[in-house]
Amino acid sequence: MDFPLIPPLDKESIPVITALIGCRYIKKVKITLLPKVGVERWLVLILLITPFITTLNNQETYNFIPGLTLHDTLSAVIGQYLFILPFIIGMQLVKTYEDQLLLFKLLVIAGLIYSVPILFEVRMSPQLHTWIYGFFPHTFAQQIRFGGFRPVVFLGHGLIVAMYVAITLGAATILMKEKIRIRKVSPWLVIGYFFTLLFLSKTVGAFLLGSLLFFANAWLPITIVKRLSLFLIFIVLLYPMLSIVDIFPHQMLVQMANDFDTARGGSLAFRFYHENLLLEHAQQKLFFGWGGWGRNMLEESVTDGYWIILLGQYGLFGFVSLFGLAFLSVLRAIKSSRLLANKNERQLLLGHALIVSVIMADQLPNASMAAWLLLIIGGLLGRANSVIKIKPKGKT
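These numbers were taken from a predicted model, which means no experiment stands behind them. (Residues numbered from 1 in each chain as written. Predicted model: local features only at pLDDT ≥ 70, side-chain atom pairs only at ≥ 80, totals over all residues. Heavy atoms only, no water.)

A. Highlighting the overall build of the chain. Looking only at helices and strands, the chain features 14 helices and two strands. A compact globule built from 396 residues would reach a C-alpha radius of gyration of about 21 Å, and the chain, at 21 Å, matches this within 12%. Its C-alpha atoms put the chain at 60 × 60 × 45 Å along the principal axes. Split into buried and exposed, the 396 residues of the chain put 52% on the buried side. The long-range share in the chain, meaning contacts at least 24 apart out of those at least 6 apart in sequence, stands at 71%. Measuring between centres, the 34 positive side-chain charges of the chain sit 17 Å from its 20 negative side-chain charges. (Helix = DSSP H or I, 4+ residues; strand = E, 2+ residues; numbered from the N terminus. Rg over C-alpha atoms; globule rule 2.2 N^0.38 Å. Buried < 20%, exposed > 50% of the residue type's maximum accessible area, 1.4 Å probe, protein only. Contact = heavy atoms within 4.5 Å. Lys, Arg positive; Asp, Glu negative; His and termini not counted. Charge placed at Lys NZ, Arg CZ, Asp CG, Glu CD.)

B. Summary view of a nonpolar patch on the surface. The grouping of M1, F3, L5, I6, I14 and L74 at the surface amounts to a nonpolar patch, some 530 Å² of accessible area in total. Residue classification places I14 among the partly exposed positions, given a relative accessible area of 33%. (Patch = residues over 30% accessible without salt bridge, like charges linked within 9 Å, V, L, I, M, F, W, Y side chains within 5 Å. Areas by Shrake-Rupley, 256 points an atom, 1.4 Å probe, with all protein chains shown as cover. Salt bridge = Lys/Arg side-chain N within 4 Å of Asp/Glu carboxyl O.)

C. Geometry of the nonpolar core. Core analysis: the largest hydrophobic core is formed by 107 residues, its most contacted members being I84, F87, W307, F323, I359, M360 and I377. Here the element with the most residues in this core is helix α12 (residues 306-337); it accounts for 17 residues. Beyond its immediate chain neighbours, meaning those up to four positions away, I377 contacts F87, A326, S329, V356, I359, M360 and M369. (Core = buried A, V, L, I, M, F, W, Y, C linked by side-chain atoms within 4.5 Å.)

D. Seen up close, the packing of aromatic side chains. Applying the stated criterion across every chain, the model contains 21 aromatic pairs. Plain terms: the ring middles of W188 and F214 are 6.1 Å apart, the flat faces sit at 80 degrees to each other, and that makes the pair edge-to-face. Linking W188 in helix α7 (residues 187-200) with F214 in helix α8 (residues 204-219), this pair joins segments that are 26 residues apart in sequence. Look at W188 and you get partly exposed, because its relative accessible area is 44%. Note on F214: relative accessible area 7%, which makes it buried. Ring pairing ties together the aromatic residues W188, F195, F199, F207, F214, F215 and W219, which thus form one cluster. Above the ring of W290, the side-chain terminus of K285 is found at 4.6 Å from the ring centroid. (Phe/Tyr/Trp six-rings, centres within 6.5 Å; stacked < 30°, edge-to-face > 60°. Lys NZ or Arg CZ within 6 Å of the ring centre and 35° of its normal.)

E. Structural view of the side chain of K285. Residue placement: K285 occurs in the loop between α11 (262-282) and α12. By relative accessible area, K285 is classed as buried at 13%. A distance of 2.8 Å separates a polar atom in the side chain of K285 from the backbone oxygen of N57. Within the structure, the side chain of K285 is placed 2.9 Å from the side chain of N58, a separation counted as a polar contact. Leaving out residues up to four positions away in the same chain, K285 has contacts with N57, N58, E60, W290, R295 and G315. (Polar contact = N/O pair within 3.5 Å; in protein donor to acceptor, adjacent residues only side chain to side chain.)

F. Fine view of helix α1 (residues 13-26). The terminal C-alpha atoms of α1 lie 19 Å apart, and with 14 residues this matches the ideal 20 Å at 1.5 Å per residue to within 8%. For α1, the complete set of buried residues consists of S13, V16, L20, G22 and C23. Remark: K28 follows α1 within two positions and exhibits a positive phi of approximately 60 degrees. (Expected span 1.5 Å × (residues − 1).)

G. How the structure looks around α12. Relative to the 46 Å expected for 32 residues at 1.5 Å per residue, α12 spans just 29 Å between its end C-alpha atoms, considerably shorter than the ideal helical length. The largest bend in α12 comes to about 130 degrees, at Y314. (Bend = angle between axes of the 7 residues up to and from the residue.)

H. Representation of the pattern of salt bridges in the model. Counted by the stated rule, this structure contains four salt bridges. We note a salt bridge from R332 to E40, for which the minimum N-O separation is 2.8 Å. On the criterion of sequence distance, the pair formed by R332 in helix α12 and E40 in helix α2 (residues 38-56) is long-range, its members being 292 residues apart. Each member of the pair, R332 together with E40, is buried.

I. Representation of the side chain of Q347 within the structure. Relative to the elements of secondary structure, Q347 occurs in helix α13 (residues 343-361). On the basis of relative accessible area, Q347 is assigned to the buried category, the value being 13%.

J. Inspection of unusual backbone geometry at higher detail. Even without being a glycine, K184 presents a positive backbone phi close to 65 degrees. Within the fold, K184 resides in the loop between α6 (158-177) and α7. Judged by relative accessible area, which is 76%, K184 ranks as exposed. With phi around 60 degrees, K202 is a residue other than glycine that occupies positive phi space.

K. Geometry of the packing of helix α9 (residues 222-244) against α12. Interhelical geometry of α9 versus α12 gives an angle of 160 degrees and a closest axis separation of 9 Å. As far as their axial angle goes, α12 and α9 are roughly antiparallel. As α9 runs across α12, the sense of the crossing is left-handed. Residues K226, S229, L230, I233, F234, V236, L237, Y239, P240 and M241 of α9 form the contact with α12, whose own contacting residues are W307, L311, L316, F319, F323, G324, A326, F327, V330, L331, I334 and S337. Of the residues contributing to the contact of α9 with α12, the split by class is 18 nonpolar, three polar and one charged. (Axes fitted to C-alpha atoms, helices over the stretch in contact; angles between N-to-C directions. Parallel < 35°, antiparallel > 145°, perpendicular 65-115°, else oblique. Left-handed = near helix turned anticlockwise from the far one by under 90°. Nonpolar A, V, L, I, M, F, W, Y, C, P; charged D, E, K, R; others polar.)

L. Structural detail: the environment of F288. Structurally, the position occupied by F288 is in the loop between α11 and α12. The sequence separation of F288 and G318 amounts to 30 residues, and the corresponding C-alpha distance is 7.0 Å. In contact with F288, not counting residues within four places along its chain, are T50, I53, T54, Q313, Y314, G315 and F317.

M. Inspection of the confidence of the model for the chain at higher detail. Here the chain averages 93 in pLDDT, and 98% of its residues register 70 or above. Throughout residues 391-396 the model reports pLDDT below 50, and contacts reaching past four residues in sequence, or to other chains, amount to two contacts. (pLDDT = per-residue confidence, 0-100.)

Put into structure tokens, the structure is as follows:
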């Protein structure tokens, strides 16, 4: 439903709006529309203000695309707010150890339910979207991998489904460490099931990230988990600058992928090539970006990573405001973990931090960011804030 002056109401925005209504008016949870205090409040405000400046800086016609207008500004601001709203809700819903456990339980239960259509499409090919809606949401050829099919199941692409399974595997591993069972089923059985599902999803990147979540949360000391989370989120936040100054080891990663499989190496090289083209284009309006309507793209380019999409549209200010929220969540979770005497609570908080770091790492090669992921990121910050007990200045 595309009403005038506002972004289209679709499967991304409608659940977010109904979640807010459900929390505030049905369950009577006091959900504020913006974070009350802290760096997170300023980052959200910057995220909402940036489209205004982007519009003022993009009123000229570019590549036959008309300049941006006040209508585009209003639509972009509303769209940005609906996009970040799950983060704001998550901050205010997840405050205690029990809230965190509930979040991960729901993730695992949802993953188990969702696994049924996933297994169906693994066997029958991704057909459900076509059968129900009458069209396929992406290129079918991209879902053919390793002699089989990637499941898509209404999420638009097999890469997104595989990442969903990787995150649920991480959640199941954390519940295993916390000695929590789902319906009295052995946690190891659930983990083995998700590992099988991840393997059948036929996506190398998601399999590596899911395996990292499993092995780190299951076997590594929490001090190593903490350092790993911090390392990943630092790389993610610095990635645009590392790419601009040509320090990031792109060629080494391509060579490693080639050693594993030439097709995967070629795919990665293809992504890096187009990423470089888009980065050169983004640098022409580095601070506030090109805006929407495809102005951030080139005719010969293909956009894959969410980071380059965001950088191209809203520049460094847009990138830092959103990715900075994830960085802040991980940083504050690590800080607050030192204040927890209970090992289980500390373990859960740092496992949550690693999941958020992995979510953001996936935004470099892919564009998998969605409402449920922002809820997880906001939940981490909410729990960390409740431990630290951040309060407005001047109050005790």
